Amino acid sequence: MSYYDPITWTVTEAEDGWQLRRVLKDRLRLSRRLMSRLKRAERGITVNGVRQYTDCRVKTGDVVAIRMEEEVSEDILPEPLPLDILYEDDHLLVLNKPPGLIVHPTHGHYTGTLANGVVHYWRSKGERHRFRPVHRLDQETSGVLAVAKNPYAHQRIAEQMIAKAVDKRYAAIVHGVPRPGAGTVNAPIARDPAAPHIRIVTPNGQEAVTHYETVQPLHQAAWVSLVLETGRTHQIRVHMKHIGHPLVGDRMYGDPAADERLAPVIARQALHAERLKFEHPVTRRPMEFIAPWPEDMRALRTRLAKEEDGSWS
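Residues numbered from 1 in each chain as written. Predicted model: local features only at pLDDT ≥ 70, side-chain atom pairs only at ≥ 80, totals over all residues. Heavy atoms only, no water.

Asker: Break down the overall build of the protein for me, with residues and values.
Answerer: Of the regular secondary structure elements, the protein holds 7 helices and 16 strands. Dimensions of the protein, computed from C-alpha atoms along their principal axes, come out at roughly 75 × 40 × 40 Å. Relative to its full complement of 313 residues, the protein shows a buried share of 48%. Taking the contacts inside the protein whose residues are at least 6 apart along the sequence as the reference set, 67% of them involve residues at least 24 apart. When the accessible area of the protein is evaluated, it comes to approximately 15500 Å², of which 50% is carbon and sulfur surface. (Helix = DSSP H or I, 4+ residues; strand = E, 2+ residues; numbered from the N terminus. Buried < 20%, exposed > 50% of the residue type's maximum accessible area, 1.4 Å probe, protein only. Contact = heavy atoms within 4.5 Å. Areas by Shrake-Rupley, 256 points an atom, 1.4 Å probe, with all protein chains shown as cover.)

See below:
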């Protein structure tokens, strides 16, 4: 059995005499589920290189280590695809996803996804990881996407997301200029009973909170910055439609008549995951990743800005 490099903690004087279980929970922040999984592995949990039960006592200077077994996504076919990598280390891979690319294979889309490309990239480097995106992006949404390379990294970032400690900022171009220029949309979202693939605002839905701020008024449109408190499916698209400012190019929630003249410029919703901030799952350092705008959104903003000042011809 092959293992990833260990993640370690050196016991301090303040922790002298603690049960190993407490160090794993309070210092390495292992979930109960992952701790149980590591206990079953031959080299999953060690103290000074020796496998130990979690009720043993540790002393100052002991090195506690956890080792996770290497994994692969057996159901994802490796496929060479171009990847725009923003950052990578032993625990994380952060990419700038282009518009139009599905993140994970689904029924009818077994190849040509971001997952296929990432698995091929890892295999080409001799690495074995299971494909674990820590959040979702719609097929037509571009921008920053983080992938955990082991279950510990995935768990730690998921906990930050539950605690609302992950800062996800999006850029969008919407129809009209929101008034007021900045605000919060707090409107629950659920599936549309008549069309389950569509989401709607309804009192019976799940909590959904989106903060928006107008960055630049454009011709009959605006560049808007958005921050999510929750991560509901299609949340930004549904909320902006709800306040009367659907995203340009959004075929599901948008304004087809208003989009018609801009169709040659952009053929998808004008939404880009611009920035992602969180604490590194192992080093605990603050991390910030910024993805540059794709060409279609830059072209759309340029055209609408020129129309606004009357220089478009």
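Read on for the rest.
Asker: Quick rundown of unusual backbone geometry? Include the residues and the values.
Answerer: Cis geometry marks the peptide bond from Arg179 to Pro180; its omega dihedral reads 0°. The residue Pro180 is located in the loop between β9 (167–175) and β10 (182–186) in this model. The phi torsion at Arg29 lies on the positive side, around 60°, for a residue other than glycine. Locating Arg29 in the fold gives a position in the loop between α1 (20–26) and α2 (32–40). Since its relative accessible area comes to 30%, Arg29 is described here as partly exposed. Not every positive phi belongs to a glycine, and Asn48 is a case in point at roughly 55°. In this structure, Asn48 sits in the loop between β2 (45–47) and β3 (50–51).

Asker: An account of the side chain of Thr202 is requested, with residue identities and associated values reported.
Answerer: One can find Thr202 in the loop between β12 (195–201) and β13 (209–218). A residue is classified by how much of its surface remains accessible, and Thr202, at 15% relative accessible area, is buried. Residue contacts for Thr202: discarding those within four places in its chain leaves Pro188 and Ala190.

Asker: Requested: an account of the packing of aromatic side chains, with residues and values cited.
Answerer: What the rule picks out here adds up to 3 aromatic pairs. Geometrically, the ring pair formed by Trp223 and Trp293 is edge-to-face, given 5.0 Å between the ring centres and 75° between the ring planes. With Trp223 in strand β14 (residues 221–228) and Trp293 in the loop between β16 (286–290) and α7 (295–309), this residue pair connects regions lying 70 residues apart in the sequence. For Trp223, a relative accessible area of 18% puts it in the buried group. (Phe/Tyr/Trp six-rings, centres within 6.5 Å; stacked < 30°, edge-to-face > 60°.)

Asker: Just give me the short version of the environment of Arg169, but keep the residues and values in it.
Answerer: Secondary-structure assignment places Arg169 in strand β9. For Arg169, a relative accessible area of 25% gives the class partly exposed. Distance in space between the C-alpha atoms of Arg169 and Arg303 is 23 Å, their sequence separation being 134 residues. In this structure Arg169 touches Ser225, Leu226, Val227, His272, Ala273, Glu274 and Arg275, once residues within four positions along its chain are discounted.

Asker: I'd like to hear about the sheet that holds strand β1 (residues 7–10), residue by residue, with values.
Answerer: Pairing is antiparallel in the open sheet, where 4 strands are placed in the order β1-β4-β2-β3. Only two strands of the sheet have a single neighbouring strand rather than two, namely β1 and β3. Sheet analysis places β2 next to β3, joined by 2 bridges and oriented antiparallel. Its bridge partner being in β3, Thr46 is matched across the sheet by Arg51. Running at roughly 75° to β2, α2 makes contact with β2, β3 and β4 (63–66) of the sheet. (Pairing = 2+ DSSP bridges. Axes fitted to C-alpha atoms, helices over the stretch in contact; angles between N-to-C directions.)

Asker: Can you lay out helix α5 (residues 235–242) for me, pointing to particular residues and giving the numbers?
Answerer: The element α5 is largely enclosed, with a buried count of 6 among its 8 residues. Buried within α5 are the following residues: Gln235, Ile236, Arg237, Val238, His239 and Met240. The positive-phi residue at the C-terminal boundary of α5 is Gly244, with phi of around 90°.

Asker: Lay out the side chain of His129 with the relevant residues and their values.
Answerer: As for its position among the elements, His129 is in the loop between α3 (114–124) and β7 (132–133). Its relative accessible area of 7% is what places His129 among the buried residues. Of note is the side chain of His129, whose polar atom sits 2.8 Å from the side chain of Glu127. Looking at His129, its side chain comes within polar contact range of the main-chain oxygen of Lys149, at 3.0 Å. Aside from chain neighbours lying at most four places away, what touches His129 is Tyr4, Glu71, Val72, Ser73, Trp122 and Lys149. (Polar contact = N/O pair within 3.5 Å; in protein donor to acceptor, adjacent residues only side chain to side chain.)

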